[in-house]
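Analysis of the macromolecular model
The residues making up each chain are set out below.
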Amino acid sequence: MLFSPKIRGFFVEKNDHSWMMARVSSLALPFVVEELKEIPLSDVEGLKTASQQLLAGKSQSGYLNAVCGINPPKRLIRRATVEIKRAKEPNYLNEVCVQQLRIEPDKFTLAALNASDGSEFDLNKPAGKEIVICGMPSEDIVSMQDSLLQSSIYPTRIELGTVASLGAAIDYLSTIDNKAPTLLLEIGSESTQSFIIGTNGVETSRPIPYGIDAMIPVVHKKLNLKDEESARKLFLSNTFDFTSMGPELVQRLLKELQSSIGFYEVQTGQSISQLICISLPPKLGWIETAIAGSLGVTAVKVDLVSWLKSHRIALSENASRVGIDSRWFGLFSLMVSYHNPEAANAAPAEKKA
């Protein structure tokens, strides 16, 4: 059965900190974002309740049929260099994965994109030698699908959220005619996904094995708390202002970022002057401030409302009340269509039983 453009659509993103959810007025552009919800990752019942609230009792199955963006901890988004002359050789890309990315490709579900514009890398007509290989362990796809279904969410399409966010960030900077190389960070619990994006698309990519968890022992020590669990609870609450301690808390991450930036600047002769942190909840917004201040760069104030408007997506008054900031980047990136402005990036043409 074909979907009607008038049928409401749903989008769900699971990032490193929260579930982000939206109901939109249609599955085809232009449309209105009618409602937005944010649910902590640990609130399983809250997620199911939010799904039912978005449905407003209109689904007989009880499932929220949604376009889903997922960000599993072992997700892979890495830039690699290929030899054009060898691109058509059988198993050449597997060789690249083993030698450059140090992974076992047979255990992953992978896709290769052109680093310059995010289009699919064509072995028969390579657009260039720089590509981005993205994917995740195959077993994670199964577990994520099961997790979504258990949460009353039926995925009509699944995207790797970080990839969608990269495309959105590059498009946003282009929309405001900002051509400066930009450091983009996804800071999770155990690690940080670090990218430099610019006029050439994704220019560098690097996973860094430090995230929120690396800051907890510093909080424990500096504030003389009873244990690290107490430090974690305080860190994730809104009851203490960590701004003044920020540079110390992000020190380990900073060293890795400075190394990456220094290498890029030496290789290209270009300077990194700005930063975008996506998915961070407001209570952790000081992390972006601390990193930007320590690196001597400007934190980009993202105007997502204007960007959505440029793609013929509007926000209802109700949706606007949640406070639109960069933590919504990933969810909104699932909605935007770059290549076909007449059709939304929504559900597939045919609904599965």
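Look up a bit, the structure's there.
Residues numbered from 1 in each chain as written. Predicted model: local features only at pLDDT ≥ 70, side-chain atom pairs only at ≥ 80, totals over all residues. Heavy atoms only, no water.

This part is about the packing of aromatic side chains. Throughout the structure, instances matching the rule amount to six aromatic pairs. These aromatic residues form a ring-pair network of at least three members: F235, F240, F242 and W286. (Phe/Tyr/Trp six-rings, centres within 6.5 Å; stacked < 30°, edge-to-face > 60°.)

As summarised here, the arrangement of the five strands in space is β11-β10-β9-β12-β13, forming an open sheet in which the pairing is mixed. Sheet topology places β11 (201–208) and β13 (298–299) at the edges, where each strand pairs with a single neighbour. Sheet analysis places strand β12 (residues 274–278) next to β13, joined by two bridges and oriented parallel. Counted as the bridge partner of L275 is A299 from β13. Against the sheet, helix α8 (residues 251–268) engages β9 (182–187), β10 (192–198) and β11, with an angle of about 150 degrees to β11. (Pairing = 2+ DSSP bridges. Helix = DSSP H or I, 4+ residues; strand = E, 2+ residues; numbered from the N terminus. Contact = heavy atoms within 4.5 Å. Axes fitted to C-alpha atoms, helices over the stretch in contact; angles between N-to-C directions.)

The next subject is helix α1 (residues 44–55). Taking 1.5 Å of rise per residue, the twelve residues of α1 would be expected to cover 16 Å, and the 17 Å separating its terminal C-alpha atoms lies within 8% of that figure. For α1, the set of buried residues is G46, L47, A50, S51, L54 and L55. Close packing links the buried residues of α1 with β1 (9–14), β2 (18–24), β3 (31–40), β4 (64–70) and β8 (153–160). Immediately downstream of α1, the backbone of A56 shows phi near 55 degrees, a positive value. (Expected span 1.5 Å × (residues − 1). Buried < 20%, exposed > 50% of the residue type's maximum accessible area, 1.4 Å probe, protein only.)

Take helix α6 (residues 228–235) next. Those residues of α6 that sit buried are A231, L234 and F235. Angularly, the buried residues of α6 cover 100 degrees about the axis, an arc narrow enough to put them on a single face. The elements touched by buried residues of α6 are α5 (216–222), α7 (246–249) and α9 (285–295). At the N-terminal end of α6, a side-chain oxygen is found 3.3 Å from the backbone nitrogen of E229, two or three residues along, and the residue is D227. (Arc of directions from axis to C-beta. Polar contact = N/O pair within 3.5 Å; in protein donor to acceptor, adjacent residues only side chain to side chain.)

Here the focus is the pairing of strand β7 (residues 130–137). Within β7, seven of the eight residues are buried, leaving the element largely enclosed by the surrounding structure. Direction of pairing for strand β5 (residues 76–81) relative to β7: antiparallel, over a ladder of six bridges. Looking across to β7, one finds that I77 is bridged to C134. Across seven bridges, strand β6 (residues 108–114) lies against β7 in antiparallel orientation.

The next subject is the nonpolar core. Membership of the largest hydrophobic core comes to 46 residues, with the highest contact counts inside it found for V33, L36, F329, F332 and M335. Tallying contributions element by element places helix α4 (residues 161–175) first for this core, with six residues. Beyond its immediate stretch of four places on either side in the chain, F332 contacts L36, L304, W307, L308, L315 and I324. Residues M215, L253, L275 and A290 belong to the second largest nonpolar core, which totals 34 residues. (Core = buried A, V, L, I, M, F, W, Y, C linked by side-chain atoms within 4.5 Å.)

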